[in-house]
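Okay, here's what each chain looks like letter by letter:
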Amino acid sequence: MKHFFQSLFDKEKRENFWYYHKVHVIVGVFLLTIVISLIVDMVNNRKPTLEIAYVNIPSSSQENFTAHANLSQQSATKEAPLNINGTSYILAENIDPEQQQIAMQQILTRLIAGEIDIFICEYETFLTYVGADCFADMGQLLDNEQTTTLASQLYYDMISEESQQTQLVGLTLHDNTTGQTYILSIPYFSQRQETATALIL
């Protein structure tokens, strides 16, 4: 008999769910809305990161370029501000050849994966990467005025020896303090080629 009345009460409770639980439902929906709103705001306000790879570049030159990129992005980019992250790779001749090969392969993998947006490399080392066809044709990223202005800095690579066809793959940078020449290039697989180009000019 007790079970019979209990089941009647439970059935009545189920039929009158809103009457018994409306406060719980309203508070739950309100809290869920706040949590979803906070998550959406966090995702939308997260700054994208522009990745710069420095290969055999002294830290003083890295700091100068990063400072230049930070200033450039304030005036040149139409997108939300970026976090600029630089990763330094040193491929010195005095390190273990196997370690050097691993580091070079890691850089190449990141270039092909689109994880690097600006590639700045010491000239001799750049020659080992340029044959991998992983750099964008900067002739398509720069307009005629920019190409004319930067004419003395343009670095072309031979893409066909038979036809003597070349492709603009980078800009040469000369560091007066070290006397070194560097090549700055935009990787072909970068998702931010236009933004990276705006930052380097």
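Residues numbered from 1 in each chain as written. Predicted model: local features only at pLDDT ≥ 70, side-chain atom pairs only at ≥ 80, totals over all residues. Heavy atoms only, no water.

Draft legend 1. Inspection of the overall build of the chain at higher detail. Regarding its fold elements, the chain presents eight helices and six strands. Helices (α) and strands (β) of the chain occur, in sequence order from the N terminus, as α-α-β-α-β-α-β-α-α-α-β-β-β-α. Per-residue burial for the chain yields a buried fraction of 33% across its 201 residues. Within the chain, contacts between residues separated by at least 24 positions form 66% of all contacts whose residues are at least 6 apart in sequence. (Helix = DSSP H or I, 4+ residues; strand = E, 2+ residues; numbered from the N terminus. Buried < 20%, exposed > 50% of the residue type's maximum accessible area, 1.4 Å probe, protein only. Contact = heavy atoms within 4.5 Å.)

Draft legend 2. Layout of helix α8 (residues 193–200). Of all eight residues in α8, six are buried, a share of seventy percent or more. Looking only at α8, the buried set comprises Q193, T195, A196, T197, L199 and I200.

Draft legend 3. Quick peek at unusual backbone geometry. A positive phi is found at N56, a non-glycine position, where the angle reads about 55°. Tracing the sequence through the fold places N56 in the loop between β1 (49–55) and α3 (59–76). Accessibility expressed as a relative area gives 18% for N56, which makes it buried.

Draft legend 4. Geometry of the pattern of salt bridges. Here the structure, examined in full by the defined rule, presents three salt bridges. As a salt-bridge pair, E51 and R110 come within 3.6 Å of each other at their nearest N and O atoms. Taken together, the residues E51 in strand β1 and R110 in helix α4 (residues 97–112) connect sequence positions 59 residues apart. Across the pair, exposure class does not vary: E51 and R110 are buried alike. (Salt bridge = Lys/Arg side-chain N within 4 Å of Asp/Glu carboxyl O.)

Draft legend 5. Geometry of the pairing of strand β3 (residues 118–122). Among the five residues in β3, five count as buried, and that is most of the element. Here β3 shows a buried face lined by I118, I120 and E122 and a second buried face lined by F119 and C121. Pairing of β1 with β3 involves four bridges; the strand directions are parallel. The residue of β3 that forms the bridge with Y54 is I120. Of the strand pairs in this sheet, β3 and strand β6 (residues 181–185) are connected by four bridges, and their pairing is antiparallel. Residue pairing in the sheet places C121 in a bridge with I183 of β6. (Pairing = 2+ DSSP bridges.)

Draft legend 6. Broad picture of the side chain of S190. With respect to the secondary-structure elements, S190 resides in the loop between β6 and α8. The exposure class of S190 is buried, given its relative accessible area of 7%. A distance of 2.7 Å separates polar atoms of two side chains, one belonging to S190 and the other to D117. Those residues in contact with S190, other than ones at most four positions away along the chain, are G114, I116 and D117. (Polar contact = N/O pair within 3.5 Å; in protein donor to acceptor, adjacent residues only side chain to side chain.)

Draft legend 7. Broad picture of α4. The first and last C-alpha atoms of α4 sit 22 Å apart over 16 residues, in line with the 22 Å expected at 1.5 Å per residue. For α4, the full list of buried residues reads Q100, A103, M104, I107, L108, R110 and L111. The buried residues of α4 occupy an angular sector of 160° when projected down its axis, which confines them to one face. The elements touched by buried residues of α4 are β1, β2 (83–89), β3 and α5 (123–130). One or two positions beyond α4, positive phi appears at G114, with a value near 75°. (Expected span 1.5 Å × (residues − 1). Arc of directions from axis to C-beta.)

None of this, on its own, says anything about what the molecule does.
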